Amino acid sequence: MTELDVRDLVKIYPFTKPGLFDKRGKAALKKQMESPYTTNEGVIAVQQLSFTADHGDFVVILGPSGCGKSTLLRMIAGLTNCDLGRVYLDGKDITDLRPEERDLSMIFQNYSLYPHLSVFDNIAFTLKNQHMPRQEIEVKVKKVAEALSLSDKLDRRISELSGGEQQRVAIGRAIIREPKLFLMDEPFSNLDISLRRQMRKVITELHERLGTTFLYVTHDQTEAMAMADKVLLMRHGMIEQAGTPRELYHHPANLYVATFIGAPSMNLDRSAQAEKTKNGWKLQAFGKEYLLPAERITRISSEKAAASGQDIPVIAGIRPAHVGLSLTKALPGGSDVPGEVIRVEHLGSEMHITMRLRDEERSEVTAAIPSAVGSRYMKGLEVSVSIPGDKLHLFDPETEENLA
């Protein structure tokens, strides 16, 4: 059964008061929203957004600042009203319910703890407000504290805890209610890198133990790829692609997804050309000619595809992890392309080597290789660059959609 069902949510923040909603009402708004970006009376934070999450899913809402991901989470929580659309939890319409009536818990970026109370009292705060018997509260708090490694800190004040410990207290206060849905709005943004890694482990193990649906907002793709069962990548208040981390990485729906997912970002050749032949496609990209099977480009317009012998502009992309390097000299007409190293980045177990391809103006390609073999490469060195055709991604320059 679908745990969470979000249908056609819209949120617009009016520029002035009275605004769009006072003058013409929701019927006029719905008519305007038949296509994106059609109102000039407010900022469209979320526009006709829909998705579902099954019971036990860990869904990460990913995107840059200002894309509407936190607004979406607050609409689901009931902290921000929906201008249009409905939210269903376990088949029940909760769109117009107050936050406390929705059977969900939310963890914020700032911990929102009570500094004058102990760890025990912070975790137990909600249960005390529900007038639960003291003995039952103690059992529940101790169980939660044990799960979050806080058993030896229950008597401490919040001010005596580290940032990671305070965040665990905030998580404990949320999970002790045993809600149907957990919402997390960038909960680790205030923590350093090592603590973020620790807390990712805590959240992942907690999700596995509870088996409850989690909805997690972040701008950090590393968190999304490491934790999610399903990723919703947003831009301009809309979902660009929804799928597993593997699907977004290996099969991006468009150029935005391809360049947002992956670090370092996908290498692009925006001047690539494709030509339809009897045996498939001939592609000129990254200083090399490729012969690709017909199924590699299936979404190009029939008018363009019918133009036999005519070059069709495309954008070609290759992941840095799929770029190969060699110190041997690239032979003319061979499978490799000559290049010159212009930048070397040491990142522990991995190195990012950026080359300028010879005979290609302003064409740069970055390779991600293990540090064990990367130490041989230095700035100014001439290298051979291998870009396999079966790893190329091709996009339409106009629509930016994946052509495969």
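Fair warning: this is a prediction, and the values are worked out from it, not measured in the lab. (Residues numbered from 1 in each chain as written. Predicted model: local features only at pLDDT ≥ 70, side-chain atom pairs only at ≥ 80, totals over all residues. Heavy atoms only, no water.)

(A) Quick look at helix α3 (residues 119-129). Considered for burial, the residues of α3 that qualify are Val119, Phe120, Asn122, Ile123, Ala124, Thr126 and Leu127. Against α4 (134-147) and α5 (163-175) lie the buried residues of α3. Just downstream of α3, histidine 131 is the residue with a positive phi angle, here 60°. (Buried < 20%, exposed > 50% of the residue type's maximum accessible area, 1.4 Å probe, protein only. Helix = DSSP H or I, 4+ residues; strand = E, 2+ residues; numbered from the N terminus. Contact = heavy atoms within 4.5 Å.)

(B) Expanded view of the sheet that holds strand β14 (residues 312-318). Here we have 5 strands laid out as an open sheet, ordered β13-β12-β11-β14-β20, and antiparallel in their pairing. Two strands in the sheet have a free side with no partner beyond their single neighbour: β13 (288-292) and β20 (393-395). Put simply, the sheet's adjacent strands are angled 35° from each other on average, direction ignored. Pairing of strand β12 (residues 280-285) with β13 involves 5 bridges; the strand directions are antiparallel. Bridge pairing links leucine 283 to tyrosine 290 in β13. (Pairing = 2+ DSSP bridges. Axes fitted to C-alpha atoms, helices over the stretch in contact; angles between N-to-C directions.)

(C) Geometry of the pattern of salt bridges. Taken as a whole and judged by the stated rule, the model has 16 salt bridges. Linking glutamate 101 and arginine 98 is a salt bridge whose minimum nitrogen-to-oxygen distance equals 2.9 Å. Accessibility expressed as a relative area gives 34% for glutamate 101, which makes it partly exposed. Taking the shortest distance from any N to any O, the salt bridge between lysine 282 and glutamate 275 comes out at 3.6 Å. Classification of glutamate 275 by relative accessible area gives buried; the value is 18%. Here the residues in one salt-bridge network are Arg86, Asp93 and Asp96, joined through shared partners. (Salt bridge = Lys/Arg side-chain N within 4 Å of Asp/Glu carboxyl O.)

(D) A look at the sheet that holds strand β10 (residues 238-243). Read from one edge to the other, the open sheet built from 6 strands follows the order β6-β7-β8-β3-β9-β10, with strand pairing classed as mixed. Only two strands of the sheet have a single partner each, and these edge strands are β6 (104-107) and β10. Strand-to-strand twist of the sheet, defined as the mean angle between neighbouring strand axes without regard to direction, takes the value 15°. As judged from the 5 bridges shared by strand β3 (residues 58-62) and strand β8 (residues 213-218), these two strands associate in the parallel manner. Residue isoleucine 61 lies in a different strand from β8, and its bridge partner there is valine 217. Helix α2 (residues 69-77) contacts β3, β6, β7 (181-185), β8 and β9 (230-235) of the sheet and is inclined by roughly 150° relative to β7. Along the sheet, helix α6 (residues 193-210) contacts β3, β7 and β8; its crossing angle with β8, the most-contacted strand, is approximately 160°.

Limitation: the analysis is restricted to geometry and does not speak to function.
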